[in-house]
Amino acid sequence: MGGEKMDYPKNNFPGGVWPVMLTPFTQDNEIDEPALRALVDWYIKNGVKGLFAACQSSEIHELSFEERMRIAKITVDAAAGRVPVVASGHTSDSLEDQAKDINTMWKTGVDAVILLTNRLAKEDESDEVWIENYHKLEKMIDPEIKLGVYECPRPYKRLLSIPVITEIAKTNRFYFLKDTCCVAADIRKKLKAIEGTNLKLYNANATTALESLRDGAAGYSGIMANFHPELWVWLCEHYNDKPENADRVQEVLMAASLIERQLYPVNAKWHLKEIEKLPMTTKCRVQDDSLLFETWKEEVRMMDRLCNRTYEEYCK
């Protein structure tokens, strides 16, 4: 399932699971390159179709410009053509600095650079301002850059309206939409708006995941692929041909996703270190890893056992 070089076309953004990647840190709070490379291998071994580096789960708001570029470059190198890689790191305020973010990130070798929706207009500004700023930004970046967009919750969540989605989709520069609206009816409207364009929607929400796949979403790009990607891979591949099993798997995935309300991403790093045996620490910059107390660890263990049983019962 992992290891073989796929030599995918550079315009290909396959449907399926795209984990929002974590950033492993050493105990000295530096990027842990060997651990990041091991993490890339773990994702790919579990069947993911692409990787989303330098996203909010990567703790990009606590990374320097150089660190954001470095984790993207390491990820591209570690993936080694087995799966495509997209990355954001698009955290600056001014359009000029955002253009620097995007142009530099593209040079790391990623397949697309993902724009954060909250960077192109302030919270109280209109969609018209957003669209105007996008077109200004577009003129500042390399015309070869393939783009995506992510409704990132931090520093504030700006959901894309249908007029904005329609505007960016018709440019044919956008290939990847990480959707965080968490409302199935709204996702259907977005899918209708991007129909026939290059833009594909990847749902970040566990509760609406199966419904959105059946409505035409390309896949899943969310937190829980850091815990049990194999279940998400199965769901994305078999939601249509094994509908009853898919319903049961979806129910477990929804319940398991409540673990997000713990001390994420500390709990995900603990899971990878203690259960998956990856060579990484639980160190984070957004959370104090010492706050993951024993009851929460036991909840992660229980969730893991439940997901393993679910895979054995419904996915074999």
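Above this note sits the structure.
What counts, and where the lines are drawn
- Residues numbered from 1 in each chain as written.
- Predicted model: local features only at pLDDT ≥ 70, side-chain atom pairs only at ≥ 80, totals over all residues.
- Heavy atoms only, no water.
- Helix = DSSP H or I, 4+ residues; strand = E, 2+ residues; numbered from the N terminus.
- Buried < 20%, exposed > 50% of the residue type's maximum accessible area, 1.4 Å probe, protein only.
- Contact = heavy atoms within 4.5 Å.
- Expected span 1.5 Å × (residues − 1).
- Pairing = 2+ DSSP bridges.
- Salt bridge = Lys/Arg side-chain N within 4 Å of Asp/Glu carboxyl O.

Peer 1: Let's hear about the environment of Cys284: which residues, and what values?
Peer 2: In this structure, Cys284 sits in the loop between α10 (266–275) and α11 (294–314). On the basis of relative accessibility, which here comes to 7%, the residue Cys284 falls in the buried class. Note: C-alpha distance between Cys284 and Val266 (18 residues apart in sequence) is 6.4 Å. Residues in contact with Cys284, not counting those within four places in the same chain, are Phe25, Glu59, Pro265, Val266 and Lys269.

Peer 1: Account for helix α3 (residues 95–106), with residues named and values stated.
Peer 2: With twelve residues, α3 ought to run about 16 Å at 1.5 Å a step, and its terminal C-alpha atoms sit 16 Å apart, in line with that. Where α3 is buried, its residues contact α2 (65–79), β3 (85–87), β4 (112–116), α4 (127–138) and β5 (147–150).

Peer 1: Please provide a residue-by-residue account of the sheet that holds strand β6 (residues 174–179), values included.
Peer 2: Strands sit in the order β1-β8-β7-β6-β5-β4-β3-β2 across an open sheet of eight strands; the sheet is parallel. At either margin of the open sheet sits one strand with a lone partner, and together these are β1 (16–17) and β2 (51–53). In this structure, β2 lies alongside β3, joined through three bridges in parallel fashion. Bridge pairing in β3 links Leu51 to Val85.

Peer 1: Pulling in residues and values, what's your account of the pattern of salt bridges?
Peer 2: Tallied over the entire structure, the rule returns 26 salt bridges. A salt bridge links Arg68 to Asp101, with the shortest nitrogen-to-oxygen separation between them at 3.4 Å. Pair noted here: Arg68 is in helix α2 and Asp101 is in helix α3, with a separation of 33 residues, a long-range link. Neither residue differs from the other here; Arg68 and Asp101 are each classed as buried. The shortest N-O distance in the salt bridge between Arg188 and Glu211 comes to 2.8 Å. Residue Arg188 is located in helix α6 (residues 184–194), and its partner Glu211 is located in helix α7 (residues 209–215); the two are separated by 23 residues in the primary sequence. According to the relative accessible area criterion, Arg188 is partly exposed, its value standing at 36%. Here the residues in one salt-bridge network are Glu33, Arg37 and Arg70, joined through shared partners.

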